[in-house]
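Fold and contact review
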Amino acid sequence: MRGRRRLPMGTAAFQAPGRPSPEGSALCVLAGPADPDAAVLLLHGGREYGRRPTRPWQLAAVRMRPFQRAVGRAVPDRRLFVGTVRYRHRGWNGTLADPLRDTERALAELVRHVGDVPVVLIGHSMGGRAALRAAADPCVTGVVALAPWCPPGEPVAQLRGSTVVILHGDRDRLTDPHASVDLVRRAREDGARAGTLLITGGDHAMLRRGGVWHRTAGDAVAGILAPATASGLITDALDSAVPGRI
């Protein structure tokens, strides 16, 4: 986090929790304390291609709500800003990488209004790919990627110096858990602190063993924000080159 300074909350462009996002905003506030000391952004999944707009009631967005609650339980002592990234389109759309651009805009909005606080990104599927790419932003401290879409050749240099925890169900048939393991291996070689946890019986929708998904993601966020207090499960995953299993 280079060259940032804390700015006051409450400008006209910054919405209160629970209010609709201003037109054109990429950041939707779920919890916005007056003086946050950390922030979490949630990035839901989508499609490989699609130009239709996203809506907050779509299933991909709804399935992220339990993660907001899990993070709140995992870090009760932090003044935590929590928001979601509002995508313009439902698809990644090839080289346009639309969700990544929206995430970059959301991070810029967040920094303008909150200032220099550590940010953790939690992304599922396509949102996991966007979160991993957006780690290039200097305000991002770490990423928790949930069953991320990791095509062959996905870059890892932007993860250098970040902490990355990937959770992937071993019964996922939409995104490849082996691709997650390979991305973590390459990220570690390139200087990231990264680890993989495979959820036994877990599926792509994170319905099977949902409590494990939610609780472990919350623990990962807590461990990224305060490494000295990280749970043994998260510490072991980050310290080992071999994927863990839960």
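Note that the coordinates shown come from a computational prediction; the quantities given were computed from them, not determined experimentally.

Remarks on the overall build of the protein
Summing up its helical and strand segments, the protein has seven helices and eight strands in all. Here the C-alpha atoms of the protein give a radius of gyration of 16 Å, agreeing with the 18 Å that 2.2 N^0.38 yields for 246 residues. Sorting the 246 residues of the protein into buried and exposed places 54% on the buried side. The long-range share in the protein, meaning contacts at least 24 apart out of those at least 6 apart in sequence, stands at 71%. Accessible area of the protein: about 10900 Å², with a carbon and sulfur share of 53%.

Describing unusual backbone geometry
A positive phi is found at Ser125, a non-glycine position, where the angle reads about 55°. Checked against the element boundaries, Ser125 lands in the loop between strand E4 (119–124) and helix H4 (126–134).

A short note on the pairing of E4
Across the six residues of E4, six count as buried, placing the element largely inside the fold. With burial as the criterion, each face of E4 is covered, one bearing Val119, Leu121 and Gly123 and the other bearing Val120, Ile122 and His124.

Observations regarding the pairing of strand E2 (residues 38–43)
Along E2, six of the six residues are buried, which leaves the element largely enclosed by surrounding structure. In this structure, E2 lies alongside strand E3 (residues 80–85), joined through five bridges in parallel fashion. Bridge pairing links Leu41 to Gly83 in E3. Across five bridges, the pairing between E2 and E4 is parallel. Bridging from a neighbouring strand, Leu43 pairs with Gly123 of E4.

Some thoughts on the packing of helix H3 (residues 98–114) against H4
Their axes nearest at 9 Å, the elements H3 and H4 cross at an angle of 55°. Relative to H4, the element H3 lies oblique. The way H3 lies across H4 gives a crossing that is right-handed. Residue-level inspection shows Pro99, Leu100, Thr103 and Leu107 of H3 in contact with H4, the latter providing Met126, Ala130, Arg133 and Ala134. Residues belonging to the contact of H3 with H4 are distributed by class as follows: six nonpolar, one polar and one charged.

Focus: helix H6 (residues 210–225)
With 16 residues, H6 extends 23 Å between its outermost C-alpha atoms, agreeing within 8% with the 22 Å of an ideal straight helix rising 1.5 Å per residue. With 13 of 16 residues buried, H6 is to be regarded as a mostly interior element.

Calculation criteria
Residues numbered from 1 in each chain as written. Predicted model: local features only at pLDDT ≥ 70, side-chain atom pairs only at ≥ 80, totals over all residues. Heavy atoms only, no water. Helix = DSSP H or I, 4+ residues; strand = E, 2+ residues; numbered from the N terminus. Rg over C-alpha atoms; globule rule 2.2 N^0.38 Å. Buried < 20%, exposed > 50% of the residue type's maximum accessible area, 1.4 Å probe, protein only. Contact = heavy atoms within 4.5 Å. Areas by Shrake-Rupley, 256 points an atom, 1.4 Å probe, with all protein chains shown as cover. Pairing = 2+ DSSP bridges. Axes fitted to C-alpha atoms, helices over the stretch in contact; angles between N-to-C directions. Parallel < 35°, antiparallel > 145°, perpendicular 65-115°, else oblique. Left-handed = near helix turned anticlockwise from the far one by under 90°. Nonpolar A, V, L, I, M, F, W, Y, C, P; charged D, E, K, R; others polar. Expected span 1.5 Å × (residues − 1).

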